[in-house]
There are 2 protein chains.
Amino acid sequence: MKIAIDVMGGDFAPQELIAGAKGYLQNDGEAGLILVGDEKVIRELWPDLPESCEIYHTDEVIEMGEHPLQALRKKKNASVAVCATLVKQGKADGFISAGSTGAQMAASLLVLGKITGIERPAISVMLPTSGERGVLLLDVGANVDVRPNHLFEFALMGSAYYEKICGVEKPKVGLLNIGEEEAKGNELTKAAYELLKNSSMNFVGNVEADHLFEGKANVVVCDGFVGNVLLKTSEGVSENMQALVFKTAMSMGEETVGNFKKAIKKFSPSSPEYSAAPLLGVNGVSLVCHGKSKAPVIANAIKLAVSCSKSKYVDLITKELTKAQ
Amino acid sequence: MKIAIDVMGGDFAPQELIAGAKGYLQNDGEAGLILVGDEKVIRELWPDLPESCEIYHTDEVIEMGEHPLQALRKKKNASVAVCATLVKQGKADGFISAGSTGAQMAASLLVLGKITGIERPAISVMLPTSGERGVLLLDVGANVDVRPNHLFEFALMGSAYYEKICGVEKPKVGLLNIGEEEAKGNELTKAAYELLKNSSMNFVGNVEADHLFEGKANVVVCDGFVGNVLLKTSEGVSENMQALVFKTAMSMGEETVGNFKKAIKKFSPSSPEYSAAPLLGVNGVSLVCHGKSKAPVIANAIKLAVSCSKSKYVDLITKELTKAQ
């Protein structure tokens, strides 16, 4: 098993990407790694590179501000495109990037292609709940204007992913809405409700945003605009509250800070399933990391990529699609 | 100045509504109150009713599950409808309700009517930021499918309200979006961006959901579906984090709990401007309170209703509309 890492992408690239790769090998080290980036820089940062780690040299990288498609056409050897190609060629079993999400989406679509039958791949994130398990939310930004059948696709993909990664058979699927009753919502959600109700999925109905965090459903679907707003709202509120809590704890001594860090860890999640956002619907494992990801998150993302590849969720999506049609 | 209170609506009605009215009179007491509800019940709960408080008897109330319009037709003397009528007749200067939001919207629209030139009244809420001032978000649920000109209306109404209530001249108006650049977003936000850019408002561009809490804008507009999701997400994350924080603080003693309660008060806001959601665009002051509101929130909502009436924001909206057309 080999995971490709886009060492050049991200706010703290290449340092934190390489530190994350080191961390992964030190703690788990099950899979071999392909570091995609500038060989000279990588060797400087990691002089005693172990044998389980190879380098694929490229010094082209797509910057955050660039137009994804134009940049990909111009930079044939962009690190993110190389990663996708390695997966396509079977030389890697999955890849992670913390660079431009748009570029990763475009590279994944162009190189890996879509799973047959999927119109709209979606970015999915796991969010913490007050319960034991996280909730998978999709789409969180790949598709801003969608039709009801796309929400159906998201549900099908999310359900297959959750089943394979979290080991929950027939996960509970919810539709993000602004009320619980069937008749609630906008034109999109009303039509999607009908499709989901008549499917073979374990559809539990509408889920309001505040109930999402209670774990009422395992998978919740929405359009990418709404999902992105939800995701960023939870980040914003969580960060602001953490700042207030730590400021108070600080005045009470270091031990207190530690206690509170531990207590609210759930909302600044560091376990593998929260570390990266799988791009579901492309024909291969492509995990999107936050641009701000530091080494521990990268190490966990590599771990998640290994689970994803082993789980063969891509095959399950294909199978479920055939059943649904 | 007189404020009408729908004593019958809300999860904790009539007790907390009456307790809130008492609290208001004890602490501020500037305005007279009209308690709309069952006279017998009110007198039992408040035997020594002061002179500044009158009762308007009705025992009809619209329950949460009822269809707003059908219920209003059937129950001509529903407490929320009576409140709106008192405002319409000039006997009250504004009203608050913690009952069914749908019923309050319907009663406000039917009885008070819309401000001339406004197509879609919107529910607006003030949210806390890390800065000094809150941010006014609208719409948060009155309009689930909107057109770009409705977002323009929301901006105009929100701007006038913020100017009058917070005393900020030409408040900064932002468009909720999933990226900062002008070209970002869905069809709705792209078209609304054009309208806002070419207006005389102090438009500061797109605002992402996490930046909303940094106070980048004073007023942020979005459709009611997205706004409702944002509002409930912030409630859900905030409640879950508070639970974790208090649990930890509890194990450290009562004083610690107190310290943290004070610290994160900002995200469980108790000041008047956060207590109720003005229904902007109807021709009169109609404040929506959360169904779960307890006495201190009700007291603050009454205070806000007084400010709203004094501020004459309804007149400013009318004036700004004329300028914009």
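Higher on the page you've got the structure.
In this report, the structure presented in the accompanying data block is examined. Since we're looking at a predicted model, the values are computed, not measured. (Residues numbered from 1 in each chain as written. Chains lettered and ligands numbered in written order. Predicted model: local features only at pLDDT ≥ 70, side-chain atom pairs only at ≥ 80, totals over all residues. Heavy atoms only, no water.)

**Structural notes on the state of the cysteines**
Here's step 1: The tally for this structure, following the rule as stated, stands at 0 disulfides over all chains.
Here's step 2: Of all cysteine sulfurs in the structure, the one in Cys222 of chain B sits closest to Cys222 of chain A, which takes part in no disulfide; the separation is 15 Å. (Disulfide = S-S within 2.5 Å.)

**Quick notes on the side chain of His150 of chain A**
Residue and element names in this part refer to chain A.
Here's step 1: Topologically, His150 is positioned in helix α6 (residues 148–166).
Here's step 2: Overall, the relative accessible area of 0% leaves His150 in the buried class.
Here's step 3: Within polar-contact distance, the side chain of His150 engages the side chain of Glu119 at 2.9 Å.
Here's step 4: For His150, the contacting residues outside a window of four places in its chain are Glu119 and Arg120. (Helix = DSSP H or I, 4+ residues; strand = E, 2+ residues; numbered from the N terminus. Buried < 20%, exposed > 50% of the residue type's maximum accessible area, 1.4 Å probe, protein only. Polar contact = N/O pair within 3.5 Å; in protein donor to acceptor, adjacent residues only side chain to side chain. Contact = heavy atoms within 4.5 Å.)

**Here we look at helix α4 (residues 79–88) of chain B**
Residues and elements named next belong to chain B.
Here's step 1: Taking burial as the measure, the 10 residues of α4 include 8 buried ones, the bulk of the element.
Here's step 2: Within α4 the residues assigned to the buried category are Ser79, Val80, Ala81, Val82, Cys83, Ala84, Leu86 and Val87.
Here's step 3: Of the surrounding secondary structure, the elements contacted by the buried residues of α4 are β1 (2–6), β2 (32–37), β3 (53–57), α3 (68–74), β4 (94–97) and α5 (101–112).
Here's step 4: Gly90, located one to two residues past α4, shows a positive phi value of around 80°.

**A word on the relation of the copies chain B and chain A**
Here's step 1: For the pair chain B and chain A, the best superposition has an RMSD of 0.0 Å and corresponds to a rotation of 180° with a translation of 0.0 Å parallel to the axis. Look at the turn and shift together and you get a two-fold axis relating the two. (Least-squares fit on C-alpha atoms with pLDDT ≥ 70 in both.)

**Regarding the side chain of Ser159 of chain A**
Here's step 1: Mapped onto the fold, Ser159 of chain A is located in helix α6.
Here's step 2: With near-sequence residues (within four places) excluded, Ser159 of chain A lies in contact with Pro171, Val173 and Val219 of chain A.

**Observations concerning the nonpolar core**
Here's step 1: In terms of nonpolar packing, the biggest core is built from 108 residues, with Leu212 of chain A together with Leu212 of chain B touching the most fellow members.
Here's step 2: Apart from residues lying up to four places away in sequence, Leu212 of chain B is in contact with Leu127, Thr129, Val135, Leu137, Leu176, Val207, Val220 and Leu230 of chain B.
Here's step 3: Formed by 64 residues, the second largest nonpolar core is a distinct cluster that contains Ile18, Leu138, Leu151 and Leu280 of chain B. (Core = buried A, V, L, I, M, F, W, Y, C linked by side-chain atoms within 4.5 Å.)

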